[in-house]
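# Descriptive analysis of the structure
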Amino acid sequence: MAGKKRKGTELAVFKGRKPDLTHAILLALSKEALIKYDVHKAMVKLGFKDTNYGTIKKRILILEETGYVKQVGIRKTQPGSEGILYEATFKALAALEQNRTDQDELFELMNEMDAMEYVALLARIRARKS
């Protein structure tokens, strides 16, 4: 699958090896909770035909460790077997939005109240860092 030029700010989660795959995984998990096998099937349908199931498992593990994906339950798969359901977190949804948002357009559309909320949000996040 060819890379797409995006308007937004490129975040670290969408850099590195196979950023388009990461983006597609987060999009799929933002729509519904899936087990890893279902994510793999969805990626093959989207054109990632050469992507191994092991790659999907590793990518989901990394996304879970970094807070972009969370476990939300268990689903029966085969008789006697269960799979963990994963879904995108709000952090992932924010990253997807940031990735497609043109920052110049954002600031053009922002009013004074929006700007105050934006500055307050950034201040809260930076305060956690120190």
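Residues numbered from 1 in each chain as written. Predicted model: local features only at pLDDT ≥ 70, side-chain atom pairs only at ≥ 80, totals over all residues. Heavy atoms only, no water.

Ranked by size, the top nonpolar core spans 22 residues in total, and within it Ile-25, Leu-26, Leu-29, Val-39 and Met-43 carry the most contacts. Counting residues per element, the ones that place at least two in this core are helix 1 (19-31), helix 2 (36-45), helix 3 (53-65), strand 2 (82-88) and helix 4 (90-100). Here the element with the most residues in this core is helix 1; it accounts for six residues. Every residue in contact with Val-39, bar those within four places of it in the chain, is listed here: Ile-25, Leu-29, Leu-34, Ile-56 and Ile-60. (Core = buried A, V, L, I, M, F, W, Y, C linked by side-chain atoms within 4.5 Å. Buried < 20%, exposed > 50% of the residue type's maximum accessible area, 1.4 Å probe, protein only. Helix = DSSP H or I, 4+ residues; strand = E, 2+ residues; numbered from the N terminus. Contact = heavy atoms within 4.5 Å.)

Okay, the packing of helix 1 against helix 3 next. Running from N to C, helix 1 and helix 3 point in directions that differ by 70 degrees, and their axes come no closer than 11 Å. Put simply, helix 1 runs roughly perpendicular to helix 3. Along its contact with helix 1, which presents Leu-21, Thr-22, Ile-25 and Leu-26, the element helix 3 presents Thr-55, Ile-56, Arg-59, Ile-60 and Leu-63. A per-class count over the contact of helix 1 with helix 3 returns six nonpolar, two polar and one charged. (Axes fitted to C-alpha atoms, helices over the stretch in contact; angles between N-to-C directions. Parallel < 35°, antiparallel > 145°, perpendicular 65-115°, else oblique. Nonpolar A, V, L, I, M, F, W, Y, C, P; charged D, E, K, R; others polar.)

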